[in-house]
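Breakdown of the fold
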Amino acid sequence: MKELEDRIRNEGTVKAGNVLKVDAFLNHQCDVTLFDHMGAEWARLFAGKRIDKILTIEASGIGIACCAARHFGNVPVVFAKKAQSINLDGEQYMTTVYSFTKRQEFPIIVSKRFLSPGEHVLLIDDFLANGKAMHGLLDLCAAAGVTVEGIGIAVEKGFQGGGDELRARGYAVESLAIVKSMDARTGNIEFA
Ligand code: 5GP
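Analysis parameters
Residues numbered from 1 in each chain as written. Predicted model: local features only at pLDDT ≥ 70, side-chain atom pairs only at ≥ 80, totals over all residues. Heavy atoms only, no water. Helix = DSSP H or I, 4+ residues; strand = E, 2+ residues; numbered from the N terminus. Buried < 20%, exposed > 50% of the residue type's maximum accessible area, 1.4 Å probe, protein only. Lys, Arg positive; Asp, Glu negative; His and termini not counted. Salt bridge = Lys/Arg side-chain N within 4 Å of Asp/Glu carboxyl O. Pairing = 2+ DSSP bridges. Axes fitted to C-alpha atoms, helices over the stretch in contact; angles between N-to-C directions. Contact = heavy atoms within 4.5 Å. Near = heavy atom within 4 Å. Polar contact = N/O pair within 3.5 Å; in protein donor to acceptor, adjacent residues only side chain to side chain. Areas by Shrake-Rupley, 256 points an atom, 1.4 Å probe, with all protein chains shown as cover. Right-handed = clockwise from strand over helix to strand, strands pointing away.

1. Quick look at the side chain of glutamate 5
Secondary-structure assignment places glutamate 5 in helix 1 (residues 2-11). Within the buried set, glutamate 5 has no salt-bridge partner at all; the shortest N-O distance to an opposite charge, 4.2 Å, is to arginine 9.

2. A look at the sheet that holds strand 9 (residues 173-182)
Strand order across the open sheet formed by six strands is 4-3-7-8-9-10, with mixed pairing between neighbours. Strand pairing shows two members of the sheet lacking a second neighbour, strand 4 (77-80) and strand 10 (189-191), which therefore form its edges. Adjacent strand axes in the sheet meet at a mean angle of 30° when their direction is disregarded. Relative to strand 9, strand 8 (residues 147-157) is paired through six bridges, and the arrangement is parallel. In the strand pairing of strand 9, valine 155 is matched with alanine 177. Each of strand 3 (53-57), strand 4, strand 7 (120-128) and strand 8 touches helix 4 (residues 132-144); the most contacted strand, strand 7, lies at about 165° to it.

3. Concerning the site of the ligand
Around the ligand sit 16 residues in total, of which Leu20, Ala129, Gly131, Ala133 and Lys157 are the nearest. A distance of 2.8 Å separates an oxygen atom of the ligand from a polar atom in the side chain of lysine 157. Relative to its unbound accessible surface of 500 Å², the ligand loses 89% to contact with the protein. Residue assignment for the shell around the ligand shows that the elements contributing at least two residues are strand 2 (19-21), strand 7 and helix 4. A per-element tally of the shell around the ligand places strand 7 first, with four residues.

4. Regarding the pairing of strand 3
In terms of residue burial, strand 3 counts as a mostly covered element, since five of its five residues are buried. Across the two faces of strand 3 the burial is the same, with Lys53, Leu55 and Ile57 and Ile54 and Thr56 all buried. Relative to strand 7, strand 3 runs parallel, the two sharing three bridges. Bridging from a neighbouring strand, isoleucine 54 pairs with leucine 122 of strand 7. You can see the chain leave strand 3, run along helix 3 (residues 60-69) and come back into strand 4, and the turn it takes is right-handed.

5. Remarks on the pairing of strand 9
Pairing of strand 9 with strand 10 involves three bridges; the strand directions are antiparallel. Across the sheet, serine 181 pairs through a bridge with glutamate 190, a residue of strand 10. Here strand 9 folds back onto strand 10, and the loop between the two strands holds six residues, one of which, glycine 187, carries a positive phi near 80°.

Written as structure tokens, this is what we have:
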């Protein structure tokens, strides 16, 4: 998606440790017009699939998933929570995920009330790197007995392999921008 690639090229910064910072429009300040265009693009890419619900992970997935839901007939958006809270009651699906950016394990939790066997789900997230966050969401989907119709990603760092591994397992992964390489020293970003 050229619009997203242009924004990454113009406003993204490459940090040491293979981290791409896009907080001017995606991870801190949110450009909802861009999010809306991203949602429209996922709707085009996943046209014809039955999508009953969108599942994402807090925090940065929520905004893009909500904008995307408007293009999928206003389906509900469920986000996996990253911490236990007194607001999380009843039975839950839970697994753990290793965070690429925080470099630690954390739980991800969805209440059983919001994922039901037989539902068809689209997974959405802001970044796909090694695929740990997606594997966590897929574990929750398997436990819930839902069908994963596809995986929509804003920015895939193609050189980290998570996307290729998921595609090899048969998942329909649609990434709106795939970074082929990036250089923290020069700031150069190449897209696939
Ligand atoms: P993975 O689990 O695929 O290794 O990493 C994906 C998760 O880590 C995403 O949910 C995202 O929050 C975070 N992440 C991974 N790489 C980057 C990056 O380069 N920049 C930002 N902003 N987040 C990243």
